[in-house]
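# Summary of the model geometry
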Amino acid sequence: MTQLSINTTQNVNINFTAASLGERLVAAIIDVVLFVAYTILLLWLVYNELGLGDAMTHWDRWSAMAVSIILFSPVTFYTLVMESIFEGQTVGKMIMKIKVVKIDGYQASFGDYLIRWLFRLIEIWTTYILGLIVIVVSSKAQRLGDMAAGTAMITLKNKVNIDSTILEEIDVSYVPIYPGVIKLSDNDVRIIKETMLTAIKAGDYAMLSKLRHKVETVAGIKNQSGNDHDFIRTVIKDYNFYTQKM
């Protein structure tokens with residue numbers, strides 16, 4: 001399987017496994033099954049429950065087209081809306097445990113999902129053949145929309161240990177110091193932890209100092225925990241404390 005090395009803005013490499021073509025196809029098929037189920041239900045409601053079938057045949061073309069666009073908009077915008085709400089996943093992707101991420105390591109934005117959705121329209125016109133070919137030949141298993149948006153599809157089935165996550169073991173009697181850490185996101189804390197572990201392993205104390213300064217600036221807090229390593233470790237623990245209480 002294709003391995004992706006994502007370089008964050010803190011110059012930390014995080015390795016992921018790209019979703020396979022098979023996983024992507026199965027996820028797409030699951031979503032298509034949902035589209036078909038929605039269409040069948042919609043037609044049943046329109047023709048049998050609401051009795052609009054015969055009435056629509058007497059409407060002018062523009063009125064009928066407008067109603068059709070509204071009724072089928074959930075199918076048309078399904079991928080865009082689902083990926084935006086569920087951070088890079090549709091129902092099919094959730095089941096297959098794959099998701100869309102930015103190549104720079106941050107969570108993709110609505111604009112990124114919109115670009116992917118627009119390029120999907122091009123791929124639909126080519127019966128998806130173009131998209132499949134690009135995924136196969138791409139070094140990062142990207143389709144055209146991914147290349148344009150700077151995203152990639154990864155699998156969430158990787159085996160990770162606690163050092164690969166934002167999780168920290170905290171005692172029940174733990175007392176946090178920095179309430180400002182709630183300004184951070186899960187992804188921020190993950191990058192902070194990755195950077196800290198990399199700096200410690202390399203003995204790069206300059207990187208720890210820069211990281212400490214960045215965290216202080218973003219979270220609006222000041223180091224009260226001793227050296228840079230102790231401060232950053234405390235920030236991670238405090239974040240775990242507050243988010244677990246929410």
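Report follows, based on the coordinates. (Residues numbered from 1 in each chain as written. Predicted model: local features only at pLDDT ≥ 70, side-chain atom pairs only at ≥ 80, totals over all residues. Heavy atoms only, no water.)

## A word on the overall build of the protein chain
The secondary structure content of the protein chain amounts to 12 helices and four strands. A sequence separation of at least 24 residues applies to 66% of the contacts in the protein chain between residues at least 6 apart. Surface accessibility of the protein chain: about 14,100 Å² in total, with carbon and sulfur atoms responsible for 65%. (Helix = DSSP H or I, 4+ residues; strand = E, 2+ residues; numbered from the N terminus. Contact = heavy atoms within 4.5 Å. Areas by Shrake-Rupley, 256 points an atom, 1.4 Å probe, with all protein chains shown as cover.)

## A few points about the packing of aromatic side chains
Enumeration over the complete set of coordinates arrives at five aromatic pairs. Taking the centre distance of 5.2 Å and the plane angle of 20° together, the rings of Phe77 and Trp117 count as stacked. Residue Phe77 is found in the loop between helix H4 (73-76) and helix H5 (78-85), and its partner Trp117 is found in helix H7 (residues 110-125); the two are separated by 40 residues along the sequence. Phe77 gets classed as partly exposed once you look at its relative accessible area, which sits at 36%. Look at Trp117 and you get buried, because its relative accessible area is 11%. Ring geometry for Tyr178 versus Phe231: centroids 5.3 Å apart, planes at 80°, classification edge-to-face. On the criterion of sequence distance, the pair formed by Tyr178 in the loop between strand S4 (151-155) and helix H10 (186-202) and Phe231 in helix H12 (residues 228-245) is long-range, its members being 53 residues apart. (Phe/Tyr/Trp six-rings, centres within 6.5 Å; stacked < 30°, edge-to-face > 60°. Buried < 20%, exposed > 50% of the residue type's maximum accessible area, 1.4 Å probe, protein only.)

## Concerning unusual backbone geometry
One non-glycine residue, Glu87, adopts positive backbone phi at about 50°. Along the chain, Glu87 turns up in the loop between H5 and helix H6 (91-96). One non-glycine residue, Lys97, lies in the positive phi region at around 60°.

## Thoughts on the pattern of salt bridges
Scanning the model with the defined rule gives seven salt bridges in all. For Glu83, the salt bridge is made with Arg116, and the minimal N-O distance between the two is 3.0 Å. One end of the pair, Glu83, is in helix H5; the other, Arg116, is in helix H7, and 33 residues separate them in sequence. Using a relative accessible area of 1% as the deciding quantity, one classes Glu83 as buried. Residue Arg212 is joined to Asp228 by a salt bridge in which the shortest nitrogen-to-oxygen separation is 3.0 Å. Residue Arg212 is found in helix H11 (residues 205-219), and its partner Asp228 is found in helix H12; the two are separated by 16 residues along the sequence. (Salt bridge = Lys/Arg side-chain N within 4 Å of Asp/Glu carboxyl O.)

## Description of the pairing of S4
Within S4, five of the five residues are buried, which leaves the element mostly enclosed by the surrounding structure. Neither face of S4 is left uncovered, since the one carrying Thr151, Met153 and Thr155 and the one carrying Ala152 and Ile154 both have all their residues buried. Both strand S3 (residues 98-102) and S4 contribute to a ladder of five bridges, which runs antiparallel. In the strand pairing of S4, Lys99 is matched with Ile154. (Pairing = 2+ DSSP bridges.)

## Side note on the side chain of Thr155
By the element assignment, Thr155 lies in strand S4. Each residue touching Thr155, except ones within four places of it in the same chain, is listed here: Thr17, Ala18, Ala19, Glu23, Lys97 and Ile98.

## Digging into a nonpolar patch on the surface
The grouping of Phe77, Val81, Ile85, Phe86 and Met94 at the surface amounts to a nonpolar patch, some 430 Å² of accessible area in total. You can see Val81 is positioned in helix H5. Of the residues examined, Val81 reaches a relative accessible area of 41% and is grouped as partly exposed. (Patch = residues over 30% accessible without salt bridge, like charges linked within 9 Å, V, L, I, M, F, W, Y side chains within 5 Å.)

## A few points about the packing of H5 against H7
The contact between H5 and H7 brings their axes to 9 Å, and the two run at 155°. With respect to each other, H5 and H7 are oriented roughly antiparallel. When the axes of H5 and H7 are compared, the crossing they make is right-handed. In this structure, H5 contributes Thr79, Leu80, Glu83 and Ser84 to the contact, and H7 contributes Phe110, Tyr113, Leu114, Arg116, Trp117 and Arg120. Looking at side-chain class alone, the contact of H5 with H7 contains five nonpolar, two polar and three charged residues. (Axes fitted to C-alpha atoms, helices over the stretch in contact; angles between N-to-C directions. Parallel < 35°, antiparallel > 145°, perpendicular 65-115°, else oblique. Left-handed = near helix turned anticlockwise from the far one by under 90°. Nonpolar A, V, L, I, M, F, W, Y, C, P; charged D, E, K, R; others polar.)

Nothing here speaks to function; it is all geometry.
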